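The chain contents come next:
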Amino acid sequence: MACDSGIEIYRELNIPPNYLIGDLDSANPKDIQWAHENKTTIITYPREKDEIDTELALMYVKEKNEKDVVISCVFGNRIDQEIASIYLLAEYIELNPVILEENVKVGIVNKEKIEEAIPGETWSIIRIGEPVEGLTLEGFKYPLTNENINNFKSLGISNQAIQNQVKITVNKGKVIYIRWINLQW
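Residues numbered from 1 in each chain as written. Predicted model: local features only at pLDDT ≥ 70, side-chain atom pairs only at ≥ 80, totals over all residues. Heavy atoms only, no water.

**Q** Would you take a moment to explain the overall build of the protein for this structure?
**A** Across its full length, the protein holds 4 helices and 13 strands. Taken over 185 residues, the protein has a buried fraction of 43%. Pairs at least 24 apart in sequence give 61% of the contacts found in the protein among residues at least 6 apart. On the protein, roughly 10700 Å² of surface is accessible, and the fraction owed to carbon and sulfur atoms is 47%. Of the charged side chains in the protein, 19 are positive and 29 negative, and the gap between their average positions amounts to 4 Å. (Helix = DSSP H or I, 4+ residues; strand = E, 2+ residues; numbered from the N terminus. Buried < 20%, exposed > 50% of the residue type's maximum accessible area, 1.4 Å probe, protein only. Contact = heavy atoms within 4.5 Å. Areas by Shrake-Rupley, 256 points an atom, 1.4 Å probe, with all protein chains shown as cover. Lys, Arg positive; Asp, Glu negative; His and termini not counted. Charge placed at Lys NZ, Arg CZ, Asp CG, Glu CD.)

See below:
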């Protein structure tokens, strides 16, 4: 599924998506025409709306009962859109969504998540929303055990994986994890 100007990437790769969704305010008309010619279903919304195009796509896949949703190409030159996309991970947590870019993976945890890792990689764990109770980090250089996070300080920034697998557990609340894939700082 392409969101608005994301259709450009599909066209460059010559892989027609099943769907193109959004208000199409930033998509190149040539890319839209290519999608149409390749039988992509185009779902158009008005420019005046409450959701960003990424959320429209998440709403659509939620209606279709999809799971394990991968979102890509949301990091660019608009920090407001980037932050909103990260918050959408919490809003649509039942989809098990992740943002996956070339060198970074961003996901959300509201109970427990076990992820593959490469020792030395940089990871950050950040509270999102309500206070977090019982945060436990295993497989990291700086482990935590049953930690409560009631503020918005930078406690979880720049940790390091020390094992091939890490485990993030929360008893209450949500955290996002940011994994810098193969990057060591």
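**Q** What is the right way to look at the state of the cysteines in this model?
**A** What we call a disulfide is simply a covalent bond connecting the sulfur atoms of a pair of cysteines. Going through the model one piece at a time under the given rule, you end up with 0 disulfides. With no disulfide of its own, Cys 3 lies closest to Cys 73 among cysteine sulfurs, the gap being 10 Å. By relative accessible area, Cys 3 is classed as partly exposed at 22%. (Disulfide = S-S within 2.5 Å.)

**Q** I would appreciate a short explanation of the sheet that holds strand E3 (residues 41-44) in the present structure.
**A** What holds strands together in a sheet is hydrogen bonding between their backbones, with the strands either parallel or antiparallel. The 3 strands are arranged E1-E2-E3 in an open sheet whose pairing can be described as parallel. Edge positions in the open sheet fall to strand E1 (2-3) and E3, since each of these has one partner strand only. Across 4 bridges, strand E2 (residues 19-22) lies against E3 in parallel orientation. Its bridge partner being in E3, Ile 21 is matched across the sheet by Ile 43. (Pairing = 2+ DSSP bridges.)

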